[in-house]
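The chain contents come next:
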Amino acid sequence: MTEFEKLTYEAEREGLTVVEVPFSCYDGLIKGRKIGIRRSIETSAQKADVLAEEIGHSRLNVGNILDQSELNNRKQEYSARMWAYDKRIGLDGIIKAYKCGCCSLRECAECLDTSEEFLEEALEMYRRKYGCSVEYEGYEIHFEPRLVVYELKKN
Amino acid sequence: MIVSGVADFKDRYVEALADSGMSAAELSRITKISEATLSQYKSGYSKPKRDKLALIANALHVSPVWLMGMPVEKRNNSNYEGMAIKLPDNLRIQLSEQETKIILAYRNADEIDQRSVLRILGLEDKKSEPQLLAAHERKGVNESNIEELRQKDIDMI
């Protein structure tokens, strides 16, 4: 089962309907309880990235937030996106990729079944949120100058 | 003055928690009281005030008076028998134990779960919440009639 299929199943359990449609301007769109995903998105990993964000909207946002010139709408968009990064990657995902022996962003993305672009965006968000590095579950994750993970020694 | 039959809050709390089969973490999630505070109650280091006592009693399905240590019935009978919906006397209905459990579980659930329950039962208040509309823009679309295309996409679902 791909991550996209898993997320679709999860969304449907929450009462959302997920359909693939021939959108021209959007990758994903949520209207009420219905989520549309652009059919022509190339990989299922990219589709899962978009779907995660739309589920994030359904969980955290209310109203019409299409107009991103409004500050409140941008805040709502940000919260949904952060939810998607945590859902698809999270600090757990970074440690999982480290344990799998991934040496490049491409390998990490493949390991987590996500797109490289989405992973890069997530890492940038985590860098802004946590700063240069963060300690988590016995590991030290550095975001600068590039992604490095160390296992902390147990005393 | 020592009143006979009065027990310590911490003993009653430990007993009620064991009976419920719940872990302290679970109780903390339901009552939104931190695990550290619950641990203080357990050790007898501190006691809850009225508001927290009511939350714990409600979650553990015991009488708050019993939980305080008083020699009264352990089960909160009012939870099961007295929870009547406020209707004119001739229409007053009695809730079964199962129905009461459902209501208590609903009250202890988080907002997302509560919304799901209302949706399944068709009780969603559609008027109070404007319809959600959000999108993830596709990159590199520079058509001149973009507004028209966007509307077409929105109408598609």
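Participant: Tell me what's going on with the overall build of chain B, and back it up with residues and numbers.
Facilitator: Along chain B, the regular secondary structure elements total nine helices and one strand. Within chain B, contacts between residues at least 6 apart in sequence are counted, and of these 42% link residues at least 24 apart.

Participant: A description of a nonpolar patch on the surface should follow, citing residues and the corresponding values.
Facilitator: Residue and element names in this part refer to chain B. Side chains of V6, V65, M68, M70 and V72 sit close together on the surface and give an oily, nonpolar patch of about 380 Å² of accessible area. You can see M68 is positioned in helix α5 (residues 64-68). Judged by its relative accessible area of 46%, M68 falls in the partly exposed class.

Participant: So what's going on with the sheet that holds strand β6 (residues 148-151) of chain A? Which residues, and what values?
Facilitator: Residues and elements named next belong to chain A. Strand order in the open sheet formed by three strands is β4-β5-β6, with antiparallel pairing between adjacent strands. What marks the edges here is a single partner per strand, and that holds for β4 (133-136) and β6. Neighbour-to-neighbour, the strand axes of this sheet turn through a mean angle of 20 degrees, independent of strand direction. Of the strand pairs in this sheet, β4 and strand β5 (residues 139-142) are connected by four bridges, and their pairing is antiparallel. Bridge pairing in β5 links Y136 to Y139. In the packing of helix α4 (residues 90-99) onto the sheet, contacts are made with β4, β5 and β6, and the angle to β5 comes to roughly 100 degrees.

Participant: Got a sec to walk through the sheet that holds strand β1 (residues 133-137) of chain B? Specific residues and values, please.
Facilitator: On the basis of which strands lie adjacent, the open sheet formed by four strands has the order β1(A)-β3(A)-β2(A)-β1(B) and mixed pairing. In this open sheet, the two edge strands, each paired with only one partner strand, are β1 (17-21) of chain A together with β1 of chain B. Pairs of neighbouring strands in the sheet enclose a mean axial angle of 15 degrees, with direction left out of account. Sheet topology places strand β2 (residues 26-31) of chain A next to strand β3 (residues 34-38) of chain A; four bridges connect them, and they run antiparallel. Residue pairing for β3(A): K31(A) is matched across the bridge by K34(A).

Participant: Break down the pairing of β2(A) for me, citing the residues and quoting the values.
Facilitator: Most of β2(A) sits inside the fold, with five of its six residues counted as buried. In the sheet, β2(A) pairs with β1(B) via five bridges, with the strands oriented antiparallel. Bridge pairing in β1(B) places Y26(A) opposite E137(B). Between β2(A) and β3(A), which pair antiparallel one after the other, the connecting turn spans two residues, and G32(A) there sits at a positive phi close to 65 degrees.

Participant: Give a description of the interface of chain A and chain B that names residues and reports values.
Facilitator: One frequently used descriptor of interface size is the decrease in accessible area upon assembly of the parts. Between chain A and chain B, the residue contacts involve 36 residues of the former and 23 residues of the latter. Summed over both sides, the interface of chain A with chain B buries roughly 2,800 Å², with 57% coming from carbon and sulfur. Taken as a group, C25(A), Y26(A) and K31(A) account for 24% of the area that chain A buries against chain B, more than any other trio of residues on that side. Summed over the shared surface of chain A and chain B, the result is two salt bridges. Counting the contacts that link chain A with chain B gives 15 residue pairs in polar contact (both at pLDDT 80 or more). Secondary-structure elements contributing two or more residues to the side of chain A that touches chain B are β1, β2, β3, α2 (44-60), α3 (71-88) and α6 (116-130) of chain A. Each residue belonging to the side of chain A that touches chain B can be placed in one class, and the counts come to 13 nonpolar, 10 polar and 13 charged.

What counts as what
In this numbering scheme, every chain counts its residues from 1 along its sequence in written order. As they are written, the chains are lettered A onward and the ligands numbered 1 onward, keeping that order. At least 70 in pLDDT is required for a residue's local features to be given in this predicted model, at least 80 for side-chain atom pairs to be given and counted, and no such filter applies to totals for whole chains, interfaces and linings, which use all residues. Side-chain figures throughout are based on the complete set of non-hydrogen atoms in the structure, without hydrogens or water. For helices the rule is a DSSP run of H or I covering at least 4 residues; for strands it is a run of E covering at least 2, with both sets numbered from the N terminus onward. Here, residues are in contact when the closest pair of their heavy atoms is within 4.5 Å. Nonpolar side chains (Val, Leu, Ile, Met, Phe, Trp, Tyr) are joined into patches within 5 Å and like charges within 9 Å, using only residues with over 30% relative accessible area and no salt bridge. For accessible areas, the Shrake-Rupley method is used with a probe of radius 1.4 Å. Any residue's cover is judged against the shown protein chains and nothing else. Take a side-chain nitrogen of Lys or Arg and a carboxyl oxygen of Asp or Glu: if they are within 4 Å of each other, that pair is a salt bridge. Burial classes: relative accessible area under 20% of the type maximum marks a residue as buried, over 50% as exposed, and values in between as partly exposed (1.4 Å probe, protein chains only). A pair of strands counts as paired when DSSP detects no fewer than two bridges linking them. The angle between two axes is taken between their N-to-C directions and runs from 0 to 180 degrees, where each axis is a line fitted to C-alpha atoms and a helix contributes only its stretch in contact. Here the quantity called buried area is the accessible surface, traced with a 1.4 Å probe, that two parts lose on coming together, added over both. In the analysis that follows, any N or O atom pair within 3.5 Å is treated as a polar contact, provided that within protein one partner can donate a hydrogen and the other can accept it, and provided that, for residues neighboring in sequence, both atoms belong to side chains. In this classification, Asp, Glu, Lys and Arg are treated as charged, Ala, Val, Leu, Ile, Met, Phe, Trp, Tyr, Cys and Pro as nonpolar, and every other residue, Gly included, as polar.

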